[in-house]
Amino acid sequence: MALKIIVCAKQVPDTNEIKIDPVKKTLIREGVPSILNHDDANALEEALKIKDKYPDTHITVVSMGPPQAKDMLIECLAMGADEAVLASDRALGGSDTWATSNALAAAIAKLGAFDLIFAGRQAIDGDTAQVGPQIAEKLNLPQVTYVTDFEIQADLKSITVKRALEDGYEVIEIKTPCMLTAIKELNTPRYMSVGGIFEACKKDIPVWGAAELGVDPDKEVGLDASPTKVFRSFTPAPKGKGEMLEGETEKDVARKLLVGLKSKHVI
Amino acid sequence: MDFSLAKEQEFVRKMVREFAVKEVEPIAADIDKEHRFPAENVPKMARYGLLGIPFPKEYEGAGGDNVSYTITVEELSRVCATTGVICSAHTSLCAWPIFNYGTEEQKAKYLPDLCSGRKLGGFGLTEPNAGSDAAGQQTRAVDMGDHWLINGSKIFITNGGVAETFCIMAMTDKSKKTRGISAFIVEKAFDGFSIGKIEDKMGICGSSTAELVFQNMKVPKENILGKPGDGFKVAMSTLDGGRIGIGAQALGIAQGALDVTIDYMKARKQFGKRLADMDALRFMVAELVTKIEAARLLLYKAAYLKDRRQPYGQWAAMGKYYASEVAMETTTKCVQLHGGYGYTRDYPVERMMRDAKITELYEGTTEVQKLVIAGAAFGR
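Residues numbered from 1 in each chain as written. Chains lettered and ligands numbered in written order. Predicted model: local features only at pLDDT ≥ 70, side-chain atom pairs only at ≥ 80, totals over all residues. Heavy atoms only, no water.

**Quick word on the confidence of the model for chain B**
The following threshold applies: Summary of the metric used: pLDDT quantifies the predictor's per-residue confidence within the range 0 to 100.
For chain B, mean pLDDT is 97; residues scoring 70 or higher make up 100% of the total. The ipTM value of the predicted complex is 0.94, and its pTM value is 0.91.

**Structural notes on the environment of Val73(B)**
Residues and elements named next belong to chain B. The following threshold applies: Comment: elements are numbered from the N terminus, with helices defined as DSSP H or I runs of at least four residues and strands as E runs of at least two. The classification of residues rests on relative accessible area computed with a 1.4 Å probe and restricted to protein chains. Under 20% of the type maximum is buried, over 50% is exposed, and intermediate values are partly exposed.
With respect to the element layout, Val-73 can be found in helix 3 (residues 66–79). For Val-73, a relative accessible area of 0% translates into the label buried. In sequence terms Val-73 and Arg-351 are 278 residues apart; their C-alpha atoms lie 18 Å from each other.

**Some remarks on the pairing of strand 2 (residues 140–143) of chain B**
All names here are of chain B. Threshold: Strand pairing is assigned whenever DSSP detects at least two bridges linking the two strands.
Sheet topology note: the strand 2/strand 3 (residues 147–158) ladder contains four bridges and is antiparallel. When the sheet's bridge partners are listed, Arg-140 is paired in strand 3 with Asn-151. As consecutive antiparallel partners, strand 2 and strand 3 are separated by three residues, and within that stretch Gly-145 has a phi angle of approximately 90°, a positive value.

**Section: unusual backbone geometry**
The omega torsion across Thr176(A) and Pro177(A) is -5°, close enough to zero to call that bond cis. With respect to the helices and strands, the residue Pro177(A) is situated in the loop between strand 9 (168–175) and strand 10 (178–182). One non-glycine residue, His35(B), lies in positive phi territory at about 50°. Structurally, His35(B) is set in the loop between helix 1 (7–34) and helix 2 (41–47). Relative accessible area serves as the criterion here: at 39%, His35(B) is assigned to the partly exposed category. Phi is positive for Ile204(B), which is not a glycine, with a value near 30°. By the element assignment, Ile204(B) lies in the loop between strand 6 (193–198) and strand 7 (209–220).

**Comments concerning the sheet that holds strand 4 (residues 58–64) of chain A**
All names here are of chain A. Convention followed: The contact criterion used throughout is that any non-hydrogen atoms of two residues lie within 4.5 Å. The angle between two axes is taken between their N-to-C directions and runs from 0 to 180 degrees, where each axis is a line fitted to C-alpha atoms and a helix contributes only its stretch in contact.
Overall, mixed pairing links the nine strands, which are arranged 9-8-7-10-6-1-4-5-11 in an open sheet. Either end of the sheet is taken by a strand with one partner, and the two such strands are strand 9 and strand 11 (207–208). Against the sheet, helix 1 (residues 38–53) makes contact with strand 1 (4–8), strand 4, strand 6 (116–120), strand 7 (143–152) and strand 10, and its axis sits at roughly 145° relative to strand 6, the strand it touches most. Sheet strands touched by helix 4 (residues 131–138): strand 1, strand 6, strand 7 and strand 10. Its angle to strand 10, the strand with the most contacts, is close to 180°.

**A look at the packing of helix 6 (residues 231–267) of chain B against helix 7 (residues 279–307) of chain B**
Residues and elements named next belong to chain B. Note the following rule: Angular relationships are summarised with four words: roughly parallel below 35 degrees, roughly antiparallel beyond 145, roughly perpendicular across 65 to 115, and oblique for the angles in between. Definitions for this section: a left-handed crossing has its near helix turned counterclockwise from the far helix by less than a right angle. A right-handed crossing has that turn clockwise. Three classes are used: nonpolar for Ala, Val, Leu, Ile, Met, Phe, Trp, Tyr, Cys and Pro, charged for Asp, Glu, Lys and Arg, and polar for all others, with Gly counted as polar.
Put simply, helix 6 and helix 7 touch, their axes get as near as 10 Å, and they point 155° apart. Classified by the angle between their axes, helix 6 and helix 7 sit roughly antiparallel to one another. Handedness of the crossing formed by helix 6 with helix 7: left-handed. Contacts from Gly-241, Arg-243, Ile-244, Gly-247, Ala-248, Leu-251, Ala-254, Gln-255, Leu-258, Ile-262 and Met-265 of helix 6 reach helix 7 at Leu-281, Val-285, Leu-288, Val-289, Ile-292, Ala-295, Arg-296, Leu-299, Tyr-300, Ala-302, Ala-303 and Lys-306. Taken together, the residues of the contact of helix 6 with helix 7 break down into 17 nonpolar, three polar and three charged.

What follows is the structure, given as structure tokens:
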């Protein structure tokens, strides 16, 4: 029996210096190059590793985003995913995590039966780590977050994962179908392959709007349906410029550092 | 008219740049210093399809095109010219002539191993007394009825010490001069094949440049590539394509040198301001940017024509001639812009300047390119 895996991926701006629209309080995406979110690349890589071992595994990547998120999905296909679907519609714009997980859960449900959902822990733009777990709740699936090690038994049903905690880890056994969120320690994502690129660009990536997803634009998705309201956002004041210490030897510099810290009563 | 790259080509650039920065750049200075062939990166290049880009999937190629191949060699060479030429010599000079001139049996036997990168390829035309004058072949192939017996040697063979499959030229009928040259597919494992001197070079020091020695080498009858006497045509048309690869290597070297130099100029301060703020130096950069872009247009056009199956030899010659001179000029000026630091091995421009020189020499010197271009201008 072939495994069916869903991977949730997001296109994110490639920068840590994100600019925020002062009026809408949302991210400004214009002029910032977009990439596949890092943790999502780990999620996809783990699915691809399963496919390396069990070649009849079928991987579908699901994303929600503007039409240009198709480029990120092409990248996923060029890495080796079989199929990709984009949830994209003006009605989905401004969705918070709750509304986003409504749309993604609907997309996954529409795709039919599956064994496993892999998502990244969180996206580097929003950093919420909520969408994966919410999808699991909405699809009534068991979930394990922060997966740092993954092993599936030959029966393709029993999975053993290692879950990273702040001060250690848990080893958890779980049965399919289930939802897992990946962290970067899980693996090193592969590159696209040249052959993969030429195949991926020929593939059709269906775009599903609110109607195709069967979600209510007034109650389930979009800015108005989102319970999270951003009141205010701000850029923290930059820290003062650091002081560079110089000296003839390392010992000199260390001495200056100690003197400086003592004079400021840090130590 | 459309100057934009196809989506596939954009993705190939993105992918190869990422690969080059993460896998190739970190070892580029070391393999140069140690004169070491970067064997560890060949399986990685193979895995991601970089060793069979313009060949169909039925031969385990990537199913890509020549523009993507050009971009690939450019991006690899941007950080390491040695790695760029491994890809170029393998693809243009070994896999391509087999793909273009091979029988179905030859293609089925040799291309999957080459296009997948399981085996590397090389090309043997140059001999001690047959450089630009390629017609002066002294390697002889004699028809022994059930096999060919080849004696002679080839020098300066890129990938020579590491490749397992070669396309080589040998004289089968000396009286016919260039029409007496034939092409053969030769395996390293053939009896009578051996590796001679490994060259100690100024640049592309990690590249394996070797002498191939054939002593009573027995080559199966069916390994002749094309018909007897086709060898010169096979070699010349192979080099037409090879020049796109070497031009791309030169282009990559120039772009890489300029990129690191611009970063350096933004950081380096003299006379109380950044080098990047000094007009005389900015003008130097402006000239280089313009020339690099012109070289890119020539080369991409050559690759584009090849993809469209239109005559491209003149364009490849112009692209290679121009890009190699731009690479030499750019790297020399980038060393100048680095000042004394640029002359040290702490900065990559020193290596890039040494690497650039070879692009004016191999796969046809600049002078040979001019013969080709003038030939087209005068109608021979």
